[in-house]
Amino acid sequence: MNAVEILEAWNSSIRNKSEHPLGHFLQKDCKIEYFGRPQIQSKEEHLIWCRDNTEAKCIGDFQIIYDNNGVCCGSHSVTYSSGKFGLVMFFGQYSNAGVTSWTSLVSKDAY
């Protein structure tokens, strides 16, 4: 498992409005956090968001800064249903069993 595989699974779930394949990459106790938002999502809450969201259309342009020993960080683009684009900086922790935590900073102004 590596950051690109995880991000590709995320993109597939967002694009297809499905809990799969991302559900296979997240551990049961995984926590998803977005800087600036008061809520931390559980695995189940985030998979429901992937299925039901109306904002994000897909993610791409993965730029991996670091990915070693179960720690990764980098950036990716997000395409919104409105046609606008944004940038996301991410920080993740994972093991062979899956992602344990993922924190993202989403650009405030989509262009």
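The following refers to the structure shown.

What counts and what doesn't
- Residues numbered from 1 in each chain as written.
- Predicted model: local features only at pLDDT ≥ 70, side-chain atom pairs only at ≥ 80, totals over all residues.
- Heavy atoms only, no water.
- Patch = residues over 30% accessible without salt bridge, like charges linked within 9 Å, V, L, I, M, F, W, Y side chains within 5 Å.
- Areas by Shrake-Rupley, 256 points an atom, 1.4 Å probe, with all protein chains shown as cover.
- Salt bridge = Lys/Arg side-chain N within 4 Å of Asp/Glu carboxyl O.
- Buried < 20%, exposed > 50% of the residue type's maximum accessible area, 1.4 Å probe, protein only.
- Core = buried A, V, L, I, M, F, W, Y, C linked by side-chain atoms within 4.5 Å.
- Helix = DSSP H or I, 4+ residues; strand = E, 2+ residues; numbered from the N terminus.
- Contact = heavy atoms within 4.5 Å.
- Pairing = 2+ DSSP bridges.
- Axes fitted to C-alpha atoms, helices over the stretch in contact; angles between N-to-C directions.

A closer look at a nonpolar patch on the surface
Together, Phe35, Phe91 and Leu105 line one region of the surface with nonpolar side chains, adding up to about 280 Å² of accessible area. Its relative accessible area of 43% is what places Phe35 among the partly exposed residues.

A closer look at the nonpolar core
Generally speaking, soluble globular proteins have nonpolar side chains that are buried together. Counting 24 residues, the largest nonpolar core has Ile6, Trp10, Leu22, Leu26, Val99 and Trp102 as the members making the most contacts within it. It is helix 1 (residues 3-16) that contributes the most residues to this core, six residues altogether. Once you skip the residues sitting within four places of it in the chain, Ile6 turns out to touch Met1, Leu22, Phe25, Tyr94, Val99 and Trp102.

Concerning the sheet that holds strand 2 (residues 40-42)
What the six strands build is an open sheet, ordered 2-1-6-5-4-3; its pairing is mixed. With one partner strand each, in any of the chains shown, strand 2 and strand 3 (56-68) form the two edges of the open sheet. Between one strand axis and the next, the sheet turns by 20° as a mean value, whatever way the strands run. In this sheet, strand 2 lies alongside strand 1 (residues 26-34) in antiparallel orientation, the contact comprising three bridges. Across the sheet, the residue bridging to Ile32 is Gln41, located in strand 2. Packing against the sheet, helix 2 (residues 43-52) makes contact with strand 1, strand 2 and strand 3, and its axis sits at approximately 90° to strand 2.

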